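# Inside the fold
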Amino acid sequence: EEGGTIHFGLIGHPLYINPVLSFNNDCDQDISELVYDSLYAIDGKGNLIPRLAEKTEISPDRKTYTIFLKDNILWHDGVEFNADDVIYTVKAIKNPAINSPFRLKWTGVTAEKIGSGIVRFHLSNPYEPFLQNLTFKIIPQHIWQEILTDSFSYTEYNLKPIGTGPYLFDNFEKTSEGHIIRYSLVSNKNYFLGI
């Protein structure tokens, strides 16, 4: 049934609602889960399920993974999601100046755009559980490419995120000391998997 409000109590306060940076803060991770989406996700039974990915082709030597993206997925601001967003997110994670906690997982991996809806990952060595690496959340290139690397962790988009997930940022309330005490999301009416 549509409508209503749900309140969650979280320990800590949001700092980086940015999946490239949110690793040590459970509050950030919990909100990022609702705002952003990934190529694959792990369901409640531990199975890998496609999200933004439609299908995957794996080379016989298991060093090349070609990901075909789902069509007609929109960012919360109405811009269409595509392969550029995946490539940009991987580059941001691998950029030492951004200092993402996920950078080491991407050592020896390159990402290549094959078409607007196709991304190919090349591994220097076969890595059987590589598809689990594709559970990283994607950030929008059209927003983040305009932000200088040294401003990456300071921009307002870390607290006012634009994602493709089932919920989108609405507003937040701060104390006089600057701590966020209330953070509001609303349902994404255009969510590609429905609500």
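Notes on the structure in this doc start here. (Residues numbered from 1 in each chain as written. Predicted model: local features only at pLDDT ≥ 70, side-chain atom pairs only at ≥ 80, totals over all residues. Heavy atoms only, no water.)

## What to know about the overall build of the protein chain
- Of the regular secondary structure elements, the protein chain holds four helices and eight strands.
- Walking the protein chain from its N terminus toward its C terminus, one meets helices and strands in the order α-β-β-β-β-α-β-β-α-α-β-β.
- Rg of the C-alpha trace for the protein chain: 17 Å, near the compact-globule value of 16 Å for 195 residues, within the 12% margin.
- For the protein chain, the spread of C-alpha atoms along the principal axes amounts to about 55 × 40 × 30 Å.
- Out of the 195 residues belonging to the protein chain, those deemed buried represent 41%.
- Considering only contacts within the protein chain whose residues lie at least 6 apart along the sequence, 55% involve residues at least 24 apart.
- Surface exposure of the protein chain reaches about 11,000 Å², of which carbon and sulfur atoms provide 49%. (Helix = DSSP H or I, 4+ residues; strand = E, 2+ residues; numbered from the N terminus. Rg over C-alpha atoms; globule rule 2.2 N^0.38 Å. Buried < 20%, exposed > 50% of the residue type's maximum accessible area, 1.4 Å probe, protein only. Contact = heavy atoms within 4.5 Å. Areas by Shrake-Rupley, 256 points an atom, 1.4 Å probe, with all protein chains shown as cover.)

## What to know about helix α1 (residues 26–35)
- Considered for burial, the residues of α1 that qualify are C27, D28, I31, S32 and V35. One side of α1 carries all its buried residues, which in axial view fall inside an arc of 125°.
- Those residues of α1 hidden inside the fold are in contact with β7 (167–174) and β8 (180–187). (Arc of directions from axis to C-beta.)

## Brief notes about the sheet that holds strand β3 (residues 53–58)
- Pairing is antiparallel across the open sheet formed by four strands, whose spatial order is β3-β4-β6-β5. Strand pairing shows two members of the sheet lacking a second neighbour, β3 and β5 (109–115), which therefore form its edges. Neighbour to neighbour, the strand axes of the sheet diverge by 20° on average, direction disregarded.
- Across five bridges, the pairing between β3 and strand β4 (residues 64–69) is antiparallel. The residue bridging A53 from the neighbouring strand is L69, located in β4.
- Here helix α2 (residues 83–94) sits on the sheet and contacts β4, β5 and β6 (118–123); the angle it forms with β5, its principal contact strand, is near 165°. (Pairing = 2+ DSSP bridges. Axes fitted to C-alpha atoms, helices over the stretch in contact; angles between N-to-C directions.)

## Regarding α2
- Under the 1.5 Å per step criterion, the end-to-end length of α2 is 17 Å for twelve residues, consistent within 8% with the ideal 16 Å.
- Among the twelve residues that make up α2, nine are buried, leaving the element largely enclosed by the rest of the structure.
- Of the positions making up α2, those classed as buried are A83, D85, V86, I87, Y88, T89, V90, A92 and I93.
- Tucked inside the fold, the buried residues of α2 contact β4, β5, β6 and α4 (141–144).
- Where α2 begins, one side-chain oxygen reaches toward the backbone nitrogen of D84, 2.7 Å away; that side chain belongs to N82. (Expected span 1.5 Å × (residues − 1). Polar contact = N/O pair within 3.5 Å; in protein donor to acceptor, adjacent residues only side chain to side chain.)

## Re unusual backbone geometry
- With phi around 60°, N72 is a residue other than glycine that occupies positive phi space.
- Along the chain, N72 turns up in the loop between β4 and α2.
- For N99, which is not a glycine, the phi torsion comes out positive at approximately 60°.
- Relative to the assigned elements, N99 resides in the loop between α2 and β5.

## A look at the pairing of β7
- By the bridge criterion, seven bridges tie β7 to β8 in an arrangement that is antiparallel. If you follow E173 over to β8, its bridge partner there is R182.
- In sequence, β7 turns back onto β8 through a hairpin of five residues, with G178 there showing a positive phi of about 95°.

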